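Structural features, examined
For reference, the chains in residue letters:
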Amino acid sequence: MNQAAQTAQLLSLARSREPADRERLLAGIVEMCDASQAAGHRTAPEVQALLDSIFMTLVVEAERDIRARLAQSLADAAWAPPALINILALDEIEIARPIIASSPILQDQDLIRLLVQATLEHQIEVARRPRLSPAVVEAILTKDESAVLTALASNPTAQISPDGLRRLVDRAREVVALRLPLARRSNLSGDLAEQLYLWVGDTLRDTLTARFQLDPDKMARAVEASLHAAHAGEPPTDRPADEPEEDREAMEAALVEKLNAADQLRPGYLMRVLRERRLPLFVFALARLGGFEIRQVRRAVDSNRPELLALACSAVGIDRSVFPTILALVRELNGGLPGGGAEAARKASGAFGPFAPDIAAMAFRQAVSAA
């Protein structure tokens, strides 16, 4: 089709209000702009302004499926309107993902804004973006969200400075999921490897020992000293881990991330893992579904206030009628916690009030911080 015929067809589509025609119009404009760029033609400023206006108008009215396909089409486009790209980057995560991952239009300030304004899923996608600059890496480290830090540590092209890597290793003392990706990083130094050694399981210890030629006797003494400090009640500089438990939790955290990435993590999964008597997996899955910190969910599970767990379950879409079973299973697997007895369990049903999940999530974070 020659350019004149293509232009006439686009003008005809522009007069239609049908969703299918609107999608064809968007696709046609994208195709035309791609062809122009491939031919080395530079778009005149007034034409670019018109295209920007057309795109913005169409996208505001577009249905979800159309926005998703448009995001796929524009993910690698260097000519795409910046305002449109930023709108798509803030759209729901399945639409935003290709834009965040690939768009050359997104600048550091755009990515940092996503870290501040967008959901946890968006933040994780930012941390996974190839060749992250030091400025964006610093923003992620400052925000200090464990799931986002783990995604950053797993990003081999992120420009993490030696100081940034040290901060990640420090956080790995508490965040189990950080340990494996940190042990695999090509720029991990010998000193940081020795620090990380104290917190990982046997398999990773063998890996670190072989890679950095660590002295087994020296490391054994360091582990023993750390254990002694912990048993003496002193604040140890490094916290040793229960290796079998750590390895299991690392695998469970990885499983939850894999399910989430495949869009297979659902609220019903929580009941399933509890029936399989896998409480740590329940904790990881609930935290991931709700965008909570692992420590927040653990605090709720180990408290004497079952309403905290109820708020977290309400925030991820668990029905009020299902919660008593969840609470009973958690108590069975966790030595009777959350405590409070039958009366506290009855009051916990108030967490499933007539309010939206995001309100329940906000209430959970506030309540667990005060607990």
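1. Description of the overall build of the protein chain
Helix and strand content of the protein chain: 23 helices and zero strands. By residue count, 47% of the 371 residues in the protein chain fall in the buried class. The long-range fraction of contacts in the protein chain, counting pairs at least 24 apart against all pairs at least 6 apart in sequence, stands at 63%. Carbon and sulfur atoms make up 53% of the accessible area of the protein chain, which amounts to about 18,700 Å² in all.

2. What to know about the packing of aromatic side chains
Summed over the entire model, instances satisfying the criterion amount to two aromatic pairs. Each ring, one from Phe 292 and one from Phe 364, has its centre 4.5 Å from the other, and the planes form 50 degrees; the classification is tilted. With Phe 292 in the loop between helix H18 (279-290) and helix H19 (294-301) and Phe 364 in helix H23 (residues 357-370), this pair connects stretches of sequence that are 72 residues apart. Under the relative-accessibility criterion, Phe 292 is labelled buried at 3%. Owing to a relative accessible area of 0%, Phe 364 belongs among the buried residues under this scheme. Seen from their ring centres, Phe 323 and Phe 352 are 5.5 Å apart, and the 50 degrees between their planes marks the pair as tilted.

3. Focus on the packing of helix H4 (residues 64-74) against helix H6 (residues 93-102)
Direction vectors running N to C along H4 and H6 enclose 10 degrees, while the axes themselves pass 8 Å from each other. Classified by the angle their axes make, H4 and H6 are roughly parallel. Contacts from Arg 64, Arg 67, Ala 68, Ala 71, Gln 72 and Leu 74 in H4 reach Glu 94, Ile 95, Pro 98 and Ile 99 in H6. A per-class count over the contact of H4 with H6 returns six nonpolar, one polar and three charged.

4. Details of empty space enclosed by the protein
Within this structure, the stated rule accounts for one cavity of 30 Å³ or more. Space inside the largest cavity adds up to approximately 40 Å³. Lining the largest cavity are Ile 93, Arg 97, Glu 121, Ile 124, Glu 125, Arg 128, Asn 260 and Arg 288. Of all elements in the fold, only H6 and helix H8 (120-128) reach the threshold of two or more residues within the lining of the largest cavity. When grouped by side-chain class, the residues that make up the lining of the largest cavity number two nonpolar, one polar and five charged.

5. Description of the nonpolar core
Core analysis: the biggest nonpolar cluster contains 59 residues, and Leu 74, Leu 152, Leu 168, Leu 196 and Leu 208 have the highest contact counts within it. If you tally residues by element for this core, the top one is helix H10 (residues 146-153), at six residues. With sequence-adjacent residues up to four places away left out, Leu 196 is seen in contact with Val 169, Ala 172, Arg 179, Leu 182, Ala 183, Leu 188 and Leu 208. Grouped together as the second largest cluster of nonpolar side chains are 44 residues, Ala 285, Val 301, Leu 327 and Leu 329 included.

6. Re H18
An ideal rise of 1.5 Å per residue puts 16 Å on 12 residues; H18 measures up with 17 Å between its terminal C-alpha atoms. Taken across its 12 residues, H18 has 10 buried, putting it largely inside the fold. Among the residues of H18, those classed as buried are Leu 279, Leu 281, Phe 282, Val 283, Phe 284, Ala 285, Leu 286, Ala 287, Arg 288 and Gly 290. Gly 291 sits one or two positions beyond H18 and adopts a positive phi of about 70 degrees.

7. Topic: the side chain of Ser 146
Along the chain, the position of Ser 146 falls in helix H10. The class for Ser 146 is buried, based on a relative accessible area of 9%. When near neighbours in sequence (up to four residues on either side) are disregarded, Ser 146 contacts Arg 171, Val 175 and Glu 293.

8. Concerning the pattern of salt bridges
Counted by the stated rule, this structure contains 24 salt bridges. The residue Glu 257 makes a salt bridge to Arg 128 at a minimum N-O spacing of 3.8 Å. Placement of Glu 257 in helix H16 (residues 243-261) and of Arg 128 in helix H8 is noted, with a sequence separation of 129 residues between them. Among the ionic pairs, Arg 288 bridges to Glu 257, the shortest N-O distance being 2.9 Å. Residue Arg 288 is found in helix H18, and its partner Glu 257 is found in helix H16; the two are separated by 31 residues along the sequence. We classify Glu 257 as partly exposed; its relative accessible area is 24%. Where salt bridges share partners, they join Glu 94, Arg 97, Glu 121, Glu 125, Arg 128, Glu 257 and Arg 288 into one cluster.

9. Considering the confidence of the model for the protein chain
Taken as a whole, the protein chain shows an average pLDDT of 82; of its residues, 78% reach a score of 70 or greater. Between the elements of the protein chain, mean pLDDT differs from a low of 53, seen in helix H1 (residues 3-14), to a high of 96, seen in helix H9 (residues 134-143). When the criterion is pLDDT under 50, residues 233-244 qualifies, and its contacts beyond four places in sequence or with other chains add up to 29 contacts.

10. Remarks on the layout of surface pockets
Its boundaries defined by the atoms lining it, the largest pocket holds a volume of some 960 Å³. Forming the boundary of the largest pocket are 39 residues, of which Thr 150, Val 175, Val 176, Ala 177 and Ala 253 lie nearest the centre. Where the lining of the largest pocket is concerned, the elements lending two or more residues are H8, H10, helix H12 (179-184), helix H14 (202-212), H16, H18 and H19. Looking at the lining of the largest pocket element by element, the count peaks at eight residues for H16. The class makeup of the residues in the lining of the largest pocket is 19 nonpolar, five polar and 15 charged. Counted as a void, the second largest pocket has a volume near 290 Å³. Taken together, 14 residues form the lining of the second largest pocket, with Ile 93, Glu 121, Asn 260, Asp 263 and Leu 265 sitting closest to its centre. At the level of elements, H6, H8, H16 and H18 are the ones that each hand at least two residues to the lining of the second largest pocket. With three residues, H6 is the largest single contributor of residues to the lining of the second largest pocket. Looking at the lining of the second largest pocket residue by residue, the class counts come to four nonpolar, four polar and six charged.

Cut-offs used in this document
Residues numbered from 1 in each chain as written. Predicted model: local features only at pLDDT ≥ 70, side-chain atom pairs only at ≥ 80, totals over all residues. Heavy atoms only, no water. Helix = DSSP H or I, 4+ residues; strand = E, 2+ residues; numbered from the N terminus. Buried < 20%, exposed > 50% of the residue type's maximum accessible area, 1.4 Å probe, protein only. Contact = heavy atoms within 4.5 Å. Areas by Shrake-Rupley, 256 points an atom, 1.4 Å probe, with all protein chains shown as cover. Phe/Tyr/Trp six-rings, centres within 6.5 Å; stacked < 30°, edge-to-face > 60°. Axes fitted to C-alpha atoms, helices over the stretch in contact; angles between N-to-C directions. Parallel < 35°, antiparallel > 145°, perpendicular 65-115°, else oblique. Nonpolar A, V, L, I, M, F, W, Y, C, P; charged D, E, K, R; others polar. 1 Å grid on protein atoms, 1.4 Å probe; cavity = no way out; pocket = protein on both sides within 12 Å on 5 of 7 lines; lining within 4 Å. Points joined across faces, edges and corners; volume = space filled by probe spheres on them. Core = buried A, V, L, I, M, F, W, Y, C linked by side-chain atoms within 4.5 Å. Expected span 1.5 Å × (residues − 1). Salt bridge = Lys/Arg side-chain N within 4 Å of Asp/Glu carboxyl O. pLDDT = per-residue confidence, 0-100.

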